Amino acid sequence: MRLKKSYLLLLLFLIGCKGEYQAERSYWKANRLYTKIAKKPRLAKEEDFQKAIKGLKGLIVKYPKWQNTPEAQLMLGNLCLLKKDYERAREELNKAIKKYPEEVKVCAEAQFFIGRCYESEGEWEKALLEYQKVENNYPYTYSALQTPLQIAHYYKEQNRKIEAENAYQKAVMKCIDIISNIPSSDLALTAQDLIVNCYLEQEKWEAAIRTLQTISSIFYGAERGANSLLQIAFIYQKQLKNPEEAIKAYEEFLALYPNHRLAKKAEMELLSLKIITPNIGR
């Protein structure tokens, strides 16, 4: 009796493994085609869209409890968005939110892309409501970080300067909130970069430099610290036209990171600055 029970358990285990393998294979095929379409949606053929949509729908129906099925549902909605079938995209994205409420990252992205659907259709007020849902319902997600920046981009493109300024300020405050509350998370690292981007997009060069200096100090000796120093040097050189400070930043970078992959480029930039401004440092 025990032997029969063991065989039954083994059989159930093997069936489960086979099902998971089939799900993984179906997901891999669909994801590969999805990635290809997402890179260049304008060049994608209708048959590519239909094949990818069919593959994802089949996976969702056949393996509803599989761990990556929520991601597949999100991809299905995004495919429809890329196809500019906005109504169907919203339908599929809403399914992701309703069927998988415990998958916070998936739900946040789905909510964000519902907003993108409305924005793409020129329905800005509806888009704004959806973006606000991302911020309110999923505050500690990457999508929530991106949302105020997306709003700022819209206002900037529309030349609505006051609204854009307010949106950028809100984006920075959101990033600061993330850094304060979950400082050791990957999301906090992303928030630091987004603060820099906000200042750069507004051409607030000094504010960007201050943020980069903080990042450089926190990540002293690491790749992020090196990249921050280089960015500081570049801003002084190209944007602020301040060769003296640019030279200092390049020299600091080379002193701290002499074997960095961009050290040669930094040396060339430093040399060109010293040729143009030979009296600096004498």
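Above this text sits the structure in question.
First, a word on scope: everything that follows refers to the structure included in this document. Per chain, residues are indexed from 1 in the order of the written sequence. Restriction of local features to residues with pLDDT of at least 70 applies here, the model being predicted, together with a cutoff of 80 or more for giving and counting side-chain atom pairs; totals for whole chains, interfaces and linings are based on all residues. Hydrogens and waters are ignored; side-chain quantities use all the structure's heavy atoms.

On to the overall build of the protein chain, then. In DSSP terms, a helix is any run of H or I states spanning at least four residues, a strand is any run of E spanning at least two, and both are numbered starting from the N terminus. Secondary structure assignment for the protein chain yields 13 helices and zero strands. Tracing the protein chain from N to C terminus, the helices and strands come up as α-α-α-α-α-α-α-α-α-α-α-α-α. For 282 residues, the compact-globule estimate of 2.2 N^0.38 gives 19 Å, and the C-alpha radius of gyration of the protein chain, at 25 Å, exceeds that figure by more than 25%. By principal-axis analysis of the C-alpha atoms, the protein chain measures approximately 90 × 55 × 40 Å. Exposure is judged per residue with a 1.4 Å probe applied to protein chains only, and the accessible area is read against the type maximum: over 50% gives exposed, under 20% gives buried, and values in between give partly exposed. Within the protein chain, the proportion of its 282 residues that are buried is 42%. We call two residues in contact when some of their heavy atoms are within 4.5 Å. Within the protein chain, contacts between residues at least 6 apart in sequence are counted, and of these 51% link residues at least 24 apart. Of the roughly 17,100 Å² of accessible surface on the protein chain, a fraction of 54% belongs to carbon and sulfur atoms. His is not counted here, nor are the chain ends, while Lys and Arg score as positive and Asp and Glu score as negative. Positions of charges follow a simple convention, taking NZ of Lys, CZ of Arg, CG of Asp or CD of Glu. Distance between charge centres in the protein chain, computed from 44 positive and 35 negative side chains, equals 8 Å. Each radius of gyration reported is based on C-alpha atoms, and the globular scaling rule is 2.2 Å times the count of residues to the power 0.38. What sets the accessible areas is the Shrake-Rupley method with a 1.4 Å probe; for residues, cover comes only from the shown protein chains.

Below, the discussion takes up unusual backbone geometry. In this model, Asn-159 sits at a positive phi of 60°, which is unusual for a non-glycine residue. Within the secondary structure, Asn-159 is located in the loop between α7 (142-157) and α8 (161-181). Exposure remark for Asn-159: the relative accessible area of 57% places this residue in the exposed category. One non-glycine residue, Lys-241, lies in the positive phi region at around 50°. Tracing the backbone through its elements, the reader meets Lys-241 in the loop between α11 (223-239) and α12 (243-256).

On to the packing of aromatic side chains, then. Centres within 6.5 Å make a pair out of two Phe, Tyr or Trp rings, where for Trp the six-membered ring is used; the pair is then stacked when the planes are under 30 degrees apart, edge-to-face when over 60, and tilted otherwise. What the rule picks out here adds up to eight aromatic pairs. Look at Trp-124 and Tyr-154: their rings are 3.6 Å apart centre to centre, the planes differ by 10°, and that puts the pair in the stacked class. One end of the pair, Trp-124, is in helix α6 (residues 124-137); the other, Tyr-154, is in helix α7, and 30 residues separate them in sequence. In terms of burial, Trp-124 and Tyr-154 fall into one category: buried. Geometrically, the ring pair formed by Trp-124 and Tyr-155 is edge-to-face, given 5.6 Å between the ring centres and 75° between the ring planes. One end of the pair, Trp-124, is in helix α6; the other, Tyr-155, is in helix α7, and 31 residues separate them in sequence.

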